[in-house]
Amino acid sequence: MKSRSRRAIPAVTKILDSLGQIDLPRPLIVDLVRRELTQIRRQRRIPEFTAVVDLVRASLENLRASRIQPLINGTGIVIHTNLGRAPLPQGAGEVLRNVASSYNNLELDLATGDRGDRAGYLERALAVLCQAEAAAIVNNCAAALVLIVRHFVQKKNEIIVSRGELVQIGGGFRIGEILEASGAKLREVGATNKTTLADYVRAVGQQTALILKVHRSNFFMSGFVESVSTAELSALARKKRVPFVEDLGSGAMIATEQIGLHHHEPTPAEALNNGADLVCFSGDKLFGGPQAGIIVGKKRLITALKAEPLFRALRCDKLVFAALQTTVDLHLNQVLSEIPALALLQIPKDELRARAAAMATRLQGLPVKITIGTGAAKVGGGTLPQSTVPSITIDFLPENSSLEDFVRTLRRSSPPVIGYIAGGRFKLDLHTIFSHQDDLVIDTIRTACTTR
């Protein structure tokens, strides 16, 4: 590249004219062009005009791709945090469209005409589902934990928690850091692998605000390990007259063995029946709904939490309530087949194999080697790390491009198709691809193989 004067840097309008029609808001395009030109001015060598336009066009494509959009999940991870976690039930989508495009009775009592109880129906339904006295909803499970801790540490500031339960969750956040940011002083007990009831007994003191149990939902320990049960901790908490809270995280409503998983995930009802005062869990994991932090337990404590000023800052909007309400109703009516996160985990392997064979037949004649393989689908979302479900994959080895280019093309297609590379093949796990998406997958593969 020849060294050129900064006078050769093109004007914003000239670049905009060269870009043509771009499916993005014009102010956003202008801002991006200006940013790219600012970066070019800092360089020692100024690119040719066509190179500048190509650079801007590539940046615009990357910006457009960052918009939230539907995609096809062929990773075999059902609750994939990077892919939006649990897909919502079909009925929730219909309710969302109706509620979002109209006024609604979010805080209106239709019986009296007065201001109504926000989320009154939803909280009652959640309480019934979890066999609790009351329920409250905030925007995620971390927020639920923050609200609980902030309430209990106002007079006493120590929270007793096992060292083996100071887990790290997604994005590098750690339970201990969240608790300390909420104003708590951690009283860590036990060792990483072994915590006994005696450890908790010794730790309870005049500054104990609550005893916290954190379910290790995103990892497991084996070997020389020991932990204290919910029932044992609740008995100690009652004896010492301190609150006992359990963070379950994943939000399983039924015995996970019933949906073909080999390990048991504790439910909120089980934790409450075993003596927990409050239980919190996520709405968008095994519960199968939107992102939310759900708190269930004793009515007096729930009432106190909802009276906290912080509760207003953490509360959910009408769209989350609408989607959550639909999901709760499905659980109460035991229509689990309409909750995608649970339905996907129960697809028979023979059904997956038949779909894979039909898709492979329709893709014959393309410059790509296609085979049918086996896989192991995972729950994901920091839930049941030991449990996998036997699955079927469609494996691709392109003949006219590198594997990396093939994967990149599918990732940038419309809709994007996401899978994984293993054994020198690109794999799509059918356990996380809805059957109605099979035609889309076929069309996208064909396009990727013929537009080079």
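Our subject is the structure that appears above.
Residues numbered from 1 in each chain as written. Predicted model: local features only at pLDDT ≥ 70, side-chain atom pairs only at ≥ 80, totals over all residues. Heavy atoms only, no water.

**What about the sheet that holds strand β6 (residues 208–214)?**
Turning to step 1, where the next piece is worked out: Strand order in the open sheet made by the 7 strands is β3-β9-β8-β7-β6-β4-β5, with mixed pairing throughout. Each end of this open sheet is capped by a strand with a single partner; those strands are β3 (134–138) and β5 (185–189). Between one strand and the next, the sheet's axes are offset by a mean angle of 25°, whatever the strand orientation.
Turning to step 2, where the next piece is worked out: Here 5 bridges tie β3 to strand β9 (residues 293–297), and the two strands are oriented antiparallel to one another. By the bridge assignment for β9, Ala135 is matched with Val296. (Pairing = 2+ DSSP bridges. Helix = DSSP H or I, 4+ residues; strand = E, 2+ residues; numbered from the N terminus. Axes fitted to C-alpha atoms, helices over the stretch in contact; angles between N-to-C directions.)

**Here we look at the packing of aromatic side chains**
Turning to step 1, where the next piece is worked out: Counted according to the given criterion, the structure contains 4 aromatic pairs.
Turning to step 2, where the next piece is worked out: Judged by centre distance (6.1 Å) and plane angle (45°), the ring pair of Phe281 and Phe287 falls under tilted.
Turning to step 3, where the next piece is worked out: Judged by centre distance (6.3 Å) and plane angle (40°), the ring pair of Phe396 and Phe426 falls under tilted. You can see Phe396 sitting in strand β11 (residues 383–398) and its partner Phe426 sitting in strand β14 (residues 425–429), a full 30 residues away along the chain.
Turning to step 4, where the next piece is worked out: Grouped by ring-pair contacts, the aromatic residues Phe396, Phe406 and Phe426 constitute a single cluster.
Turning to step 5, where the next piece is worked out: Here the basic side chain of Lys14 rests over the ring of Phe49, its NZ or CZ set 4.6 Å away from the ring centre. (Phe/Tyr/Trp six-rings, centres within 6.5 Å; stacked < 30°, edge-to-face > 60°. Lys NZ or Arg CZ within 6 Å of the ring centre and 35° of its normal.)

**Some details on the sheet that holds β14**
Turning to step 1, where the next piece is worked out: Judged by pairing direction, the sheet is mixed, and its 5 strands sit side by side in the order β2-β10-β11-β14-β13 without closing on themselves. Strands at the two margins of the open sheet, each flanked by one partner only, are β2 (77–79) and β13 (420–422). Pairs of neighbouring strands in the sheet enclose a mean axial angle of 40°, with direction left out of account.
Turning to step 2, where the next piece is worked out: As paired strands, β2 and strand β10 (residues 368–380) are joined by 2 bridges and run parallel to one another.

**Structural notes on the pattern of salt bridges**
Turning to step 1, where the next piece is worked out: Applying the stated criterion across every chain yields a total of 19 salt bridges.
Turning to step 2, where the next piece is worked out: The partner of Asp277 in a salt bridge is Lys298, with the nearest N and O atoms 3.9 Å apart. Remark: Lys298 occurs in the loop between β9 and α11 (299–306) and Asp277 occurs in the loop between α10 (268–273) and β8 (278–282); sequence separation between them is 21 residues.
Turning to step 3, where the next piece is worked out: Judged by relative accessible area, Lys298 falls into the partly exposed class, the value being 28%.
Turning to step 4, where the next piece is worked out: Of the charged contacts in the structure, one is a salt bridge between Asp395 and Lys427, with a shortest N-O distance of 2.8 Å. Of this pair, Asp395 sits in strand β11 while Lys427 sits in strand β14, and the two are 32 residues apart along the sequence.
Turning to step 5, where the next piece is worked out: Here Lys427 falls in the buried class, since its relative accessible area comes to 13%.
Turning to step 6, where the next piece is worked out: Counted as one network, the salt bridges with shared partners bring together Glu107, Arg115, Arg118 and Arg315. (Salt bridge = Lys/Arg side-chain N within 4 Å of Asp/Glu carboxyl O. Buried < 20%, exposed > 50% of the residue type's maximum accessible area, 1.4 Å probe, protein only.)

**A short note on the packing of helix α4 (residues 90–100) against helix α13 (residues 318–332)**
Turning to step 1, where the next piece is worked out: One can describe the packing of α4 onto α13 by two numbers: an axis separation of 9 Å at closest approach and a directional angle of 150°. In this structure, the crossing between α4 and α13 has a hand that is right-handed. Residues Gly91, Ala92, Val95, Leu96, Val99 and Ala100 of α4 lie in contact with α13, whose contacting residues are Lys318, Leu319, Ala322, Ala323 and Thr326.
Turning to step 2, where the next piece is worked out: Of the residues contributing to the contact of α4 with α13, the split by class is 8 nonpolar, 2 polar and 1 charged. (Left-handed = near helix turned anticlockwise from the far one by under 90°. Contact = heavy atoms within 4.5 Å. Nonpolar A, V, L, I, M, F, W, Y, C, P; charged D, E, K, R; others polar.)

**A short note on the nonpolar core**
Turning to step 1, where the next piece is worked out: In this structure, Leu286, Leu345, Phe396, Phe406, Phe426 and Ile445 are the most contacted members of the largest nonpolar core, which totals 43 residues.
Turning to step 2, where the next piece is worked out: Listing elements by their share of this core, those giving two or more residues are β2, α14 (340–345), α15 (349–362), β10, β11, α16 (403–411), β14 and α17 (438–450).
Turning to step 3, where the next piece is worked out: Beyond its immediate chain neighbours, meaning those up to four positions away, Phe396 contacts Leu363, Val368, Lys369, Ile370, Leu403, Phe406, Arg425, Phe426, Leu428 and Ile445.
Turning to step 4, where the next piece is worked out: Counting 37 residues, the second largest nonpolar core, distinct from the first, contains Leu126, Cys130, Ala203 and Val242. (Core = buried A, V, L, I, M, F, W, Y, C linked by side-chain atoms within 4.5 Å.)

**Here we look at the pairing of β8**
Turning to step 1, where the next piece is worked out: Burial within β8 is extensive, with 5 of its 5 residues counted as buried.
Turning to step 2, where the next piece is worked out: Of the two faces of β8, the one holding Leu278, Cys280 and Ser282 and the one holding Val279 and Phe281 are both buried throughout.
Turning to step 3, where the next piece is worked out: Note on the crossover from strand β7 (residues 244–249) through α10 to β8: the handedness is right-handed.
Turning to step 4, where the next piece is worked out: Judged from the 5 bridges that link them, β8 and β9 form a sheet pairing that is antiparallel. Looking at the pairing, Ser282 lines up with Gly293 of β9. (Right-handed = clockwise from strand over helix to strand, strands pointing away.)

The analysis is restricted to geometry; functional conclusions fall outside its scope.
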